Amino acid sequence: MHRNQLDISRKLQKRSNFFCPAKWTELYLYLNHGNSNSCHHPIPHSIPLDELENNVSALHNTQYKMEQRQLMLDGERPPECHMCWSLEDADDFVLSDRIHKSRQWEQEIEILGVDPNYVPKFIEVVFDSTCNLSCSYCDSGQSSTWANHTKRNPLLLETDHRNLYSKVHVQPGKVNEVYNTAWRTWFSEIKYQLKDIKISGGEPLLSKNFWNFMSDISELGHMNFSINSNFSVNPELIDKLIEYENDFAQFKVSASIDATGDIAEYARQGLDYELFLNNCYRYLDNTETAVLKIQSTVNALSIFGLTDKIDLNIKLRKKYGDRIRPFYTTMVRFPEFQSMHILPDCVRSDLINHLKTWYLKNSQLLLPIEQDLFNKILAYLTEKPTMLKDMDIEKLQQDFRRFIKYYDEYSTKKFADVFPQQFVDWTMQ
């Protein structure tokens, strides 16, 4: 562990054994659902309307979230933070996101308490689910394309305990005006205290709610702005986005891609990979200081394209320097049947060997934070840390097979033509 990381660990230890400042400093806000969480790993929870009526700060400081913070202060593990605990328990040398996030919010560690009016430093907000893609790990609540699939052809899976693929939980493009009004009120109060604002979706560049918001927040020169985008959109929208480059302290696009080529287009159905690449170059070539971050998910499908995606990031960094930020990859835990947990040992073994071989050859091209992230993924694949819910692996594998047959119906690429033969044979058995 690096010296700086040891210092962070000591600071955390002074607060409690299981402290994480992200529970305070980060907000992920889903206005279409009326849900909130801090850190992207826990499942979002509902924001009670009675709490919101009394205090618009309940968009972040729900009673539930304050209870989780108190657990941390008392030296207990909030169960919802299972991802980090499981990794830390599995391998002492792997740096969980708890450590990475604590490094980012180091100055906050010693001063945080339970405050119903705490203003987070980072907010990621979703206005609606308008989206042109149906990524494998996504669902009808986050993608209007997925909602249309589910409405026409629901998929019943035994391990889909949240009914993500059998019901449309949020109608496409819907905005909950109660939460949206509360957000506008709260944002006007706190906007000068925020450090970072990030917009996600759906696909924000296709959302009228996003563009309306941009007209309201432009020229907040103290704030860092970023947006999650699949970048598989009309280039005219990229040009429109570029116009806001100089309105913020920093302007960043987090371009979402899980692999390259055919695997990318299969894992994110509707993606045009060449359009994605061209839009990346368009954005970088027509801005001066704006930055690009390649971010992705890793699940039972996209793990096969992980190194190709990192190679793309390395290629971009060679051309554009530090305007290409360290890549970020998070591991899919939900839906559970797409987690890397479901991969059979024969497939897992080949993947581990491939990742280790690639890393030995290319690790010097990665930044330290990227090396940590790569090793975390490798440890997750190797150690198979426990899942949040104790679920039957054979049932998860069976549901994965059923899902692939369903997913193939909507794909221009076919599973059997894209993935390694051994994986195809196991899936199609």
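Residue positions are given per chain, counting from 1 as you read along its sequence in written order. Totals for whole chains, interfaces and linings use all residues, but because this is a predicted model, local features are given only for residues with pLDDT of at least 70 and pairs of side-chain atoms are given and counted only at 80 or more. Side-chain numbers here rest on the full set of heavy atoms in the structure, without hydrogens or water.

Structural notes on the overall build of the protein chain
- Comment: elements are numbered from the N terminus, with helices defined as DSSP H or I runs of at least four residues and strands as E runs of at least two. Within the protein chain one finds 18 helices and eleven strands.
- For the protein chain, whose C-alpha radius of gyration is 21 Å, the value lies close to the compact-globule estimate of 22 Å for 429 residues.
- The C-alpha extent of the protein chain, read off along each of the three principal axes, is 55 × 50 × 45 Å.
- Buried means the residue's accessible area, taken with a 1.4 Å probe over protein chains only, is under 20% of the maximum for its type, while exposed means over 50%, and partly exposed covers the values in between. Relative to its 429 residues, the protein chain shows a buried fraction of 60%.
- Once local pairs closer than 6 in sequence are excluded, the contacts in the protein chain between residues at least 24 apart make up 76%.
- The Shrake-Rupley method, run with a 1.4 Å probe, gives the accessible areas here. Residue values count only the displayed protein chains as cover. Accessible surface computed for the protein chain: about 17900 Å², of which carbon and sulfur atoms make up 47%.
- With 48 positive and 58 negative side-chain charges, the protein chain shows a spacing of 2 Å between the two charge centroids. Each radius of gyration is computed over the set of C-alpha atoms, and the globule rule expresses the reference value as 2.2 Å times the number of residues to the power 0.38. Residues are treated as being in contact if the distance between any of their heavy atoms lies within 4.5 Å. A residue counts as positive if it is Lys or Arg and as negative if it is Asp or Glu; His and the chain ends are not included. By convention, charge coordinates are those of NZ in Lys, CZ in Arg, CG in Asp, or CD in Glu.

Concerning the nonpolar core
- We define a nonpolar core as any set of buried Ala, Val, Leu, Ile, Met, Phe, Trp, Tyr and Cys residues linked to one another through side-chain atoms lying within 4.5 Å. In this structure, Trp183, Ile197 and Phe276 are the most contacted members of the largest nonpolar core, which totals 113 residues.
- When sequence neighbours within four positions are dropped, the list of residues in contact with Phe276 reads Asn230, Phe231, Ala255, Ser256, Ile257, Leu271, Ile294 and Leu312.
- Grouped together as the second largest cluster of nonpolar side chains are 15 residues, Leu12, Phe18, Ala22 and Tyr118 included.

Thoughts on the sheet that holds strand β1 (residues 26-30)
- Taken in spatial order, the nine strands of this open sheet run β3-β2-β1-β4-β6-β7-β8-β10-β11, and their pairing is mixed. Of all the strands in the sheet, just β3 (45-46) and β11 (328-331) have a single pairing partner and so form its edges.
- Of the pairings in the sheet, the one linking strand β6 (residues 196-200) to strand β7 (residues 224-229) comprises four bridges and is parallel in character. Across the sheet, residue Ile197 finds its bridge partner in β7, namely Phe225.
- Axes here refer to lines fitted to C-alpha atoms; in helices the fit is confined to the stretch in contact. Angles between the N-to-C directions go from 0 to 180 degrees. Each of β8 (250-256) and β10 (291-298) is contacted by helix α12 (residues 273-285), which is oriented at about 170 degrees to β8, the strand it contacts most.
- Each of β10 and β11 touches helix α15 (residues 368-383); the most contacted strand, β11, lies at about 20 degrees to it. Note on pairing: DSSP must find at least two bridges between two strands before they are called paired.

Let's talk about the packing of helix α14 (residues 345-362) against α15
- At a minimum axis separation of 10 Å, α14 and α15 run at an interaxial angle of 160 degrees. When the axis of α14 is compared with that of α15, the two are roughly antiparallel. Once α14 is placed against α15, the crossing between them reads as left-handed. When α14 is examined against α15, the residues Arg348, Leu351, Ile352, Leu355, Lys356, Trp358 and Tyr359 are found in contact with a partner set consisting of Gln371, Phe374, Asn375, Leu378, Leu381 and Thr382.
- When residues are grouped by polarity, Ala, Val, Leu, Ile, Met, Phe, Trp, Tyr, Cys and Pro land in nonpolar, Asp, Glu, Lys and Arg in charged, and all others, Gly among them, in polar. Per-class residue counts for the contact of α14 with α15 are eight nonpolar, three polar and two charged. Convention used here: angles under 35 degrees read as roughly parallel, angles over 145 as roughly antiparallel, angles from 65 to 115 as roughly perpendicular, and any remaining angle as oblique. The handedness criterion is simple: a crossing whose near helix is rotated anticlockwise from the far helix by less than a right angle is left-handed, and one whose near helix is rotated clockwise is right-handed.

A few points about the pattern of salt bridges
- Between Lys or Arg on one side and Asp or Glu on the other, a salt bridge is scored when a side-chain nitrogen of the former is within 4 Å of a carboxyl oxygen of the latter. In total, this model carries 13 salt bridges according to the counting rule given.
- A salt bridge links Glu80 to Lys23; its shortest N-O distance comes to 2.5 Å. Here Glu80, found in the loop between α4 (63-73) and α5 (82-90), pairs with Lys23, found in helix α2 (residues 22-25); they are 57 residues apart in sequence, far enough to count as distant.
- Judged by relative accessible area, Glu80 falls into the buried class, the value being 13%.
- Judged by relative accessible area, which is 2%, Lys23 ranks as buried.
- A salt bridge links Asp97 to Lys376; the nearest nitrogen and oxygen atoms lie 2.6 Å apart. Of the two residues, Asp97 is situated in helix α6 (residues 97-104) and Lys376 in helix α15; the sequence distance between them amounts to 279 residues.
- Taken together, the shared-partner salt bridges in this structure form one network comprising Asp262, Glu265 and Lys413.

Some thoughts on the side chain of His149
- By secondary structure assignment, the location of His149 is in helix α7 (residues 144-152).
- His149 gets classed as buried once you look at its relative accessible area, which sits at 10%.
- Once residues lying within four places of it in the same chain are set aside, the contact partners of His149 are Ser134, Pro154, Tyr406 and Tyr410.

Structural notes on the environment of Leu157
- Take Leu157: it is sitting in the loop between α7 and α8 (177-190).
- Taking the C-alpha atoms as reference, Leu157 lies 9.5 Å from Phe337; in sequence the two are 180 residues apart.
- Here Leu157 is in contact with Phe337, Asp399 and Arg402, once residues within four sequence places are set aside.

Focus: the packing of aromatic side chains
- Each pair of aromatic rings taken from Phe, Tyr and Trp, with Trp reduced to its six-membered ring, is defined by centres within 6.5 Å and is described as stacked if the planes are under 30 degrees apart, edge-to-face if over 60, and tilted in the remaining cases. Taken as a whole, this structure holds 38 aromatic pairs when the rule is applied.
- For the ring pair Trp183 and Phe213, a centre distance of 6.1 Å and an interplane angle of 45 degrees mean the geometry is tilted. With Trp183 in helix α8 and Phe213 in helix α9 (residues 208-217), the pair connects residues that are 30 residues apart, well separated along the chain. Each of the two residues, Trp183 as well as Phe213, counts as buried.
- For the pair Phe423 and Trp426, a centre-to-centre distance of 6.2 Å together with 10 degrees between the ring planes defines the contact as stacked. Note that Phe423 and Trp426 are positioned in helix α18 (residues 421-428) at a spacing of three residues, about one turn of the helix.
- Positioned over the ring face of Trp211 is Lys240, at 4.3 Å from the centre of the ring.
- A positively charged side chain is recorded as over a ring if its NZ (Lys) or CZ (Arg) lies within 6 Å of the ring centre. The angle to the ring normal must also be within 35 degrees. Between Arg401 and the ring centre of Trp426, over which it is positioned, the NZ or CZ distance is 4.3 Å.

Things to note about the pairing of β8
- Taking burial as the measure, the seven residues of β8 include six buried ones, the bulk of the element.
- The pairing of β7 with β8 spans six bridges and is parallel. Bridge pairing in β8 places Phe225 opposite Phe251.
- Each parallel crossover has a hand, and for β7 linked through helix α10 (residues 235-242) to β8 it is right-handed.
- Note that β8 and β10 share five bridges and pair parallel. Within the sheet, the bridge partner assigned to Lys252 lies in β10 and is Val291. Consider the strands pointing away from the viewer: the crossover is right-handed when the path from the first strand over the helix to the second runs clockwise.

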